[in-house]
Amino acid sequence: MAQADLLERIYFGICAVLAVAGAIGTVSFPNPIRGALSLLFSIVAIAGLYLQLHAPFLAAIQLIVYAGAVVVLFLFVIMLIGPDAVPPKDSRAIVARVGGGIAGTAIGALVILVLARKTFGRIPVAQAGFGSVESIGALLFSDYLVPFEVASFLLMVAIVGAVAVARGKQPDPQAAPKDLQASKELSAGEGEVVK
Amino acid sequence: MIPIPAFLVLAAILFTIGTVGFLVRRNVLVALMSIELMLNAINLTFVAFNRAYPNEHTGQTTSFFVIAIAAAEAAVGLAIVLSFFRLRKTVRSDSADLLKN
């Protein structure tokens, strides 16, 4: 029993260190590509913590959605933007930034203090099937059916919205033939002038 | 058995790092990644509290929906970043000042 406990502590320690190191890397690397890869470390470590908390379904979802989709999307966008993704150093609003950093740290320290003082009684042993795909799936299609459908609708709206926003301004298809003709006439005219 | 407050404190540390990153960094991409970090920390809190009260799955289902919303948010946010980059040729959030003056 003591050995299992020690192993559990070591596992938690590795995951916690990876998560915090990845988080610090995400916010401190100047190059966003390195930031995205640090975020990947953090996400995988958090998936490991989900496993320890008896949430295997969420661990799988975390890996598929975050590591598989969100981080890859970040990498795609960073690569589309290219070298401009690392803007040159600029000290505008430096006071606001430092003040924001101090305020954020203070609020975080308060939250950490409050949470560290929280005590739980004996944690009940999880029943078999706690957090499994079956139990969460059954819940999603019974008690949480409406939120589930709303979430799927939201995802569809997000896809359409993302495409519409990222595509930018396209030339008006109605105006295109006229413009083409005009440019042809123009080029023909230019040709005559050259003659 | 790892005590639940250990997970809660770890999640609070991750959330703090995300908050500070969001407030201090001026790269829009890093700001979006900090938001993802904060959402992850909150999910960890939900799952840890759910482990403390394992008769229901409320925390885990809430985390599931948070992940779905976070994915939608990342997609739309990155589309806005791309659009902003086309307009201004930079990803500094200071440069989003069309409505100034």
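This one's a predicted model, so the numbers in the text were calculated from it and none came from an experiment. (Residues numbered from 1 in each chain as written. Chains lettered and ligands numbered in written order. Predicted model: local features only at pLDDT ≥ 70, side-chain atom pairs only at ≥ 80, totals over all residues.)

## Details of the overall build of chain B
Here is the rule we go by: The way it works is that DSSP assigns letters per residue, a run of H or I at least four long becomes a helix, a run of E at least two long becomes a strand, and they are numbered from the N terminus. Each radius of gyration is computed over the set of C-alpha atoms, and the globule rule expresses the reference value as 2.2 Å times the number of residues to the power 0.38. Neighbour density around each residue's C-beta defines its exposure: 20 or more other C-beta atoms within 10 Å make it buried, 12 or fewer make it exposed, and counts between make it partly exposed, where C-beta atoms are placed from the backbone. Here the contact rule is simple: place C-beta atoms from the backbone, and any two residues whose C-beta atoms are within 7 Å are in contact.
Each helix and strand in chain B was counted, giving 3 helices and 0 strands. Mapped from its N terminus to its C terminus, chain B presents α and β elements in the order α-α-α. Taking 101 residues into account, the globule formula puts the C-alpha radius of gyration at 13 Å, and chain B, at 17 Å, lies well above it. The principal-axis extent of the C-alpha atoms belonging to chain B is close to 55 × 25 × 20 Å. The buried share among the 101 residues of chain B stands at 60%. Look at the contacts in chain B between residues 6 or more apart in sequence, and 53% of them connect residues 24 or more apart.

## Notes on the overall build of chain A
Within chain A, the secondary structure is distributed over 7 helices and 0 strands. Beginning at the N terminus, the succession of helices and strands in chain A can be written as α-α-α-α-α-α-α. A separation threshold of at least 6 residues defines the contact pool for chain A, and within that pool the share at least 24 residues apart is 51%.

## Some thoughts on the packing of helix α1 (residues 4–24) of chain B against helix α2 (residues 28–52) of chain B
A pair of packed helices is characterised by two quantities: the angle between their axes and the separation of those axes. Residues and elements named next belong to chain B. The criterion, for reference: To obtain each axis, a line is fitted to C-alpha atoms, and for helices this fit is confined to the stretch in contact; angles are then taken between N-to-C directions over 0 to 180 degrees. Here the word oblique covers every angle except those under 35 degrees (roughly parallel), over 145 (roughly antiparallel) and from 65 to 115 (roughly perpendicular). Crossings are classed by handedness, with left-handed meaning an anticlockwise turn of the near helix from the far one by less than a right angle and right-handed meaning a clockwise turn. As a working rule, the residues Ala, Val, Leu, Ile, Met, Phe, Trp, Tyr, Cys and Pro are called nonpolar, Asp, Glu, Lys and Arg charged, and the rest polar, with Gly in that last group.
Taken N-terminus to C-terminus, the directions of α1 and α2 make an angle of 165°; their axes are 8 Å apart at the nearest point. In this view, α1 runs roughly antiparallel relative to α2, as classed from their interaxial angle. For the crossing formed where α1 meets α2, the hand is left-handed. The residue inventory of the contact of α1 with α2, partitioned by class, reads 18 nonpolar, 6 polar and 1 charged.

## Observations regarding the interface of chain A and chain B
At the junction of the two partners, chain A supplies 76 residues and chain B supplies 62 residues. Among the elements of the structure, α1 (2–28), α2 (32–52), α3 (56–81), α4 (94–117), α5 (133–140) and α6 (145–167) of chain A are those that each provide at least two residues to the side of chain A that touches chain B. With 12 residues, α3(A) is the largest single contributor of residues to the side of chain A that touches chain B. Residues of the side of chain A that touches chain B, tallied by class, amount to 53 nonpolar, 16 polar and 7 charged.

## Section: helix α3 (residues 58–88) of chain B
One full turn of an α-helix is made of 3.6 residues, so residues set three or four places apart face in the same direction. Stated precisely, the cut-off is as follows: For a helix, the expected span equals 1.5 Å multiplied by the number of residues minus one.
Taking 1.5 Å of rise per residue, 31 residues should cover 45 Å, and α3(B) covers 44 Å from first to last C-alpha, within 8% of that figure. A positive backbone phi angle near 60° is found at B:Lys89, which sits one or two residues after α3(B).

## Quick look at the environment of A:Leu40
Residue and element names in this part refer to chain A. Along the chain, the position of leucine 40 falls in helix α2. For leucine 40 and alanine 16, which are 24 residues apart along the polypeptide, the C-alpha to C-alpha distance reads 14 Å. If we ignore the near neighbours within four places in the chain, the residues touching leucine 40 are Ala67 and Val71.

## Side note on unusual backbone geometry
In this model, A:His54 sits at a positive phi of 60°, which is unusual for a non-glycine residue. With respect to the element layout, A:His54 can be found in the loop between α2 and α3. Even without being a glycine, B:Lys89 presents a positive backbone phi close to 60°. You can see B:Lys89 is positioned in the segment after α3.

## What to know about the environment of A:Ile33
All names here are of chain A. Tracing the backbone through its elements, the reader meets isoleucine 33 in helix α2. Note: C-alpha distance between isoleucine 33 and isoleucine 94 (61 residues apart in sequence) is 24 Å. Those residues in contact with isoleucine 33 that sit more than four places away from it in its chain are Leu75 and Ile78.

## Structural notes on the nonpolar core
As a reminder, the rule being used: Throughout this description, the term nonpolar core refers to a group of buried Ala, Val, Leu, Ile, Met, Phe, Trp, Tyr and Cys residues whose C-beta atoms join them within 7 Å.
Counting 73 residues, the largest nonpolar core has B:Ala11, B:Leu14 and B:Leu29 as its most contacted members. Looking at this core, the elements that each hand over two or more residues are α1, α2, α3 and α6 of chain A together with α1, α2 and α3 of chain B. B:Ala11 has contacts with B:Ala41, B:Leu44, B:Thr45 and B:Ala48, leaving out every residue within four places of it along the chain.

## Focus: the packing of α3(A) against α3(B)
Across the interface, α3(A) lies against α3(B) with an axial gap of 11 Å and an inter-helix angle of 5°. Considering their axes alone, α3(A) and α3(B) lie roughly parallel with respect to each other. Between α3(A) and α3(B), the contacting residues are A:Leu58, A:Ile61, A:Gln62, A:Val65, A:Ala69, A:Val70, A:Leu73, A:Phe74, A:Val77, A:Leu80 and A:Ile81 on the first element and B:Gln60, B:Ser63, B:Phe64, B:Ile67, B:Ala71, B:Ala74, B:Ala75, B:Leu78, B:Val81, B:Leu82 and B:Phe85 on the second. Each residue belonging to the contact of α3(A) with α3(B) can be placed in one class, and the counts come to 19 nonpolar, 3 polar and no charged.

## So, the confidence of the model for chain B
As a reminder, the rule being used: Values of pLDDT, the confidence the predictor places in each residue, fall between 0 and 100.
Taken residue by residue, chain B gives an average pLDDT of 92. The fraction at 70 or more is 100%. Overall fold confidence (pTM) sits at 0.86, and the ipTM for the predicted complex is 0.93.

## Observations regarding the environment of B:Ala41
Residue and element names in this part refer to chain B. With respect to the helices, strands and loops of the structure, alanine 41 is situated in helix α2. Look at alanine 41 and you get buried, because 25 C-beta atoms sit within 10 Å. Distance in space between the C-alpha atoms of alanine 41 and leucine 10 is 8.1 Å, their sequence separation being 31 residues.

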